[in-house]
Amino acid sequence: MNDAVAVALEDTGFSSGYIRLRNARVNPLRYVIPAPSPDGAHAAWYSDTYAPDGTAVIEDAGMVVGRRDGASFFHCHGVWRTADGQRRMGHLLPLESQLAEPVEAEAWGISGARFDVQEDPETNFRLFMPVSSPDDTRPGMRGFICRVRPNEEIGEAIEALCRQHGIENAVVHGVGSVVGAVFEDAPEVPSFATEVLITQGEVRAGKCRLRIAIVDIDGVITEGTLSPGANPVCVTFELALHET
């Protein structure tokens, strides 16, 4: 899947972007879910790899596409149904999963900047960071990309960034992790480590609302609208926003 995404994006002339993938048949599908850290060097870690038999169907997934060690790479969280009918969610492994057939996807190319994997001493992970790419600019929607750091409340961080850039209304895309989750319309998720997909994000008149899908360390999926001011980032959150 990593190669397929790289070719599709680069055919449009972009090296970085955000892709929303739905109704994609994948075989094999390989993924992980969050897990406690095996040492004291990380706030959280990953489970063993899940390797379900047969063809899975991705219901909804978000892919942050950028560069790692000079080559195309993506970070993907999504929800899928495995061949046995079970609905699962996790962090898709792009080098080990493969599309079973062609699929159309919605994508936003990033101009003037890109996501690049770099060492992050705060978390001891290699993570996507936004970097300037002045040689890759073209007209388009006004927006920005960013990485939100641990313990920053995700909605408040987005609102602050929009104020900084003079944006009142925006669409918000992204994947990341939060320390548990508090919802307006769903049960609280107590898990300290999670994987998150923004399924519907917006800023209206400077106020952020995020509807998400989230999976915890037990593999339980919860979906709903986040309560304002109550959801700090765990390890990272990668965002792409464009003005509306």
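No experiment lies behind these values; they were computed from the predicted model shown.

Caption draft 1: Spotlight on the overall build of the chain. Looking only at helices and strands, the chain features two helices and 17 strands. Its C-alpha atoms put the chain at 50 × 40 × 35 Å along the principal axes. For the chain, buried positions account for 51% of its 244 residues. For the chain, long-range pairs separated by at least 24 residues make up 68% of all intrachain contacts whose partners lie at least 6 apart in sequence. Counting every atom, the chain has about 11,200 Å² of accessible surface; 47% of that belongs to carbon and sulfur. The distance from the centre of the 20 positive side-chain charges to the centre of the 35 negative ones in the chain is 3 Å.

Caption draft 2: Up close: the nonpolar core. With 37 residues, the main nonpolar core has Met1, Ile58, Met63, Phe74 and Leu92 as its most contacted residues. Counting residues per element, the ones that place at least two in this core are helix 1 (2–10), strand 1 (17–21), strand 2 (24–26), strand 6 (56–68), strand 7 (71–81), strand 8 (87–92), strand 10 (113–120) and strand 15 (207–215). The element best represented in this core is strand 6, accounting for six residues. Ignoring sequence-local partners within four residues, the contact set of Met1 consists of Leu21, Val26, Ile58, Met63, Phe74, Leu92, Pro94, Ser97, Gln98 and Leu99. If you look at the next biggest cluster of nonpolar residues, it comprises 27 residues, including Val172, Leu210, Leu226 and Leu241.

Caption draft 3: Structural context of the sheet that holds strand 17 (residues 233–243). Taking strand neighbours across the sheet as the criterion, the six strands line up as 12-17-13-14-15-16 in an open arrangement whose pairing is antiparallel. Here the strands that pair on one side only, and so sit at the sheet edges, are strand 12 (143–148) and strand 16 (221–225). Taken pair by pair, the neighbouring strands of this sheet meet at an average axis angle of 15°, ignoring direction. Looking at chain direction, strand 12 and strand 17 are connected through six bridges and run antiparallel. Residue pairing for strand 17: Cys146 is matched across the bridge by Leu239.

Caption draft 4: Broad picture of the pairing of strand 16. Pairing analysis gives five bridges linking strand 15 to strand 16, with the strands arranged antiparallel. Residue pairing across strands places Ile214 opposite Thr222, the latter belonging to strand 16. Joining the antiparallel neighbours strand 15 and strand 16 is a turn of five residues, in which Gly219 adopts a positive phi near 85°.

Caption draft 5: Main features of the side chain of His75. Assignment of secondary structure puts His75 in strand 7. Residue classification places His75 among the buried residues on the basis of a relative accessible area of 12%. Of the polar contacts made by the side chain of His75, one reaches the side chain of His77; its length is 3.0 Å. A polar side-chain atom of His75 sits 2.8 Å from a polar atom in the side chain of Glu238.

Caption draft 6: Seen up close, the side chain of Ser227. With respect to the secondary-structure elements, Ser227 resides in the loop between strand 16 and strand 17. Within the local environment of Ser227, its side chain forms a polar contact with the backbone nitrogen of Glu184, the two atoms lying 3.3 Å apart.

Caption draft 7: Looking closely at the environment of Ala41. Along the chain, Ala41 turns up in the loop between strand 4 (34–35) and strand 5 (45–46). Owing to a relative accessible area of 36%, Ala41 belongs among the partly exposed residues under this scheme. For Ala41, the residues in contact, after removing those within four places along its chain, are Thr123 and Asn124.

Caption draft 8: Region of the structure containing the environment of Val235. The topology assignment puts Val235 in strand 17. Judged by its relative accessible area of 12%, Val235 falls in the buried class. Along the sequence, Val235 and Ala105 sit 130 residues apart, while their C-alpha atoms lie 27 Å from each other. Among all residues touching Val235, those that are not within four sequence positions of it are Thr123, Phe125, Leu127, Arg147, Pro150 and Ser177.

Caption draft 9: Region of interest: the packing of aromatic side chains. This model, assessed by the stated rule, comprises seven aromatic pairs. Where Trp45 meets Tyr46, the ring centres are 5.9 Å apart and the plane angle is 50°; that geometry is what we call tilted. Look at Trp45 and you get partly exposed, because its relative accessible area is 33%. Note on Tyr46: relative accessible area 33%, which makes it partly exposed. In this structure an aromatic cluster arises from ring pairing among Tyr31, Tyr50 and Trp80. Seen from the ring of Phe73, Arg68 lies directly overhead, with NZ or CZ sitting 3.9 Å from the centre.

How each quantity is defined
- Residues numbered from 1 in each chain as written.
- Predicted model: local features only at pLDDT ≥ 70, side-chain atom pairs only at ≥ 80, totals over all residues.
- Heavy atoms only, no water.
- Helix = DSSP H or I, 4+ residues; strand = E, 2+ residues; numbered from the N terminus.
- Buried < 20%, exposed > 50% of the residue type's maximum accessible area, 1.4 Å probe, protein only.
- Contact = heavy atoms within 4.5 Å.
- Areas by Shrake-Rupley, 256 points an atom, 1.4 Å probe, with all protein chains shown as cover.
- Lys, Arg positive; Asp, Glu negative; His and termini not counted.
- Charge placed at Lys NZ, Arg CZ, Asp CG, Glu CD.
- Core = buried A, V, L, I, M, F, W, Y, C linked by side-chain atoms within 4.5 Å.
- Pairing = 2+ DSSP bridges.
- Axes fitted to C-alpha atoms, helices over the stretch in contact; angles between N-to-C directions.
- Polar contact = N/O pair within 3.5 Å; in protein donor to acceptor, adjacent residues only side chain to side chain.
- Phe/Tyr/Trp six-rings, centres within 6.5 Å; stacked < 30°, edge-to-face > 60°.
- Lys NZ or Arg CZ within 6 Å of the ring centre and 35° of its normal.

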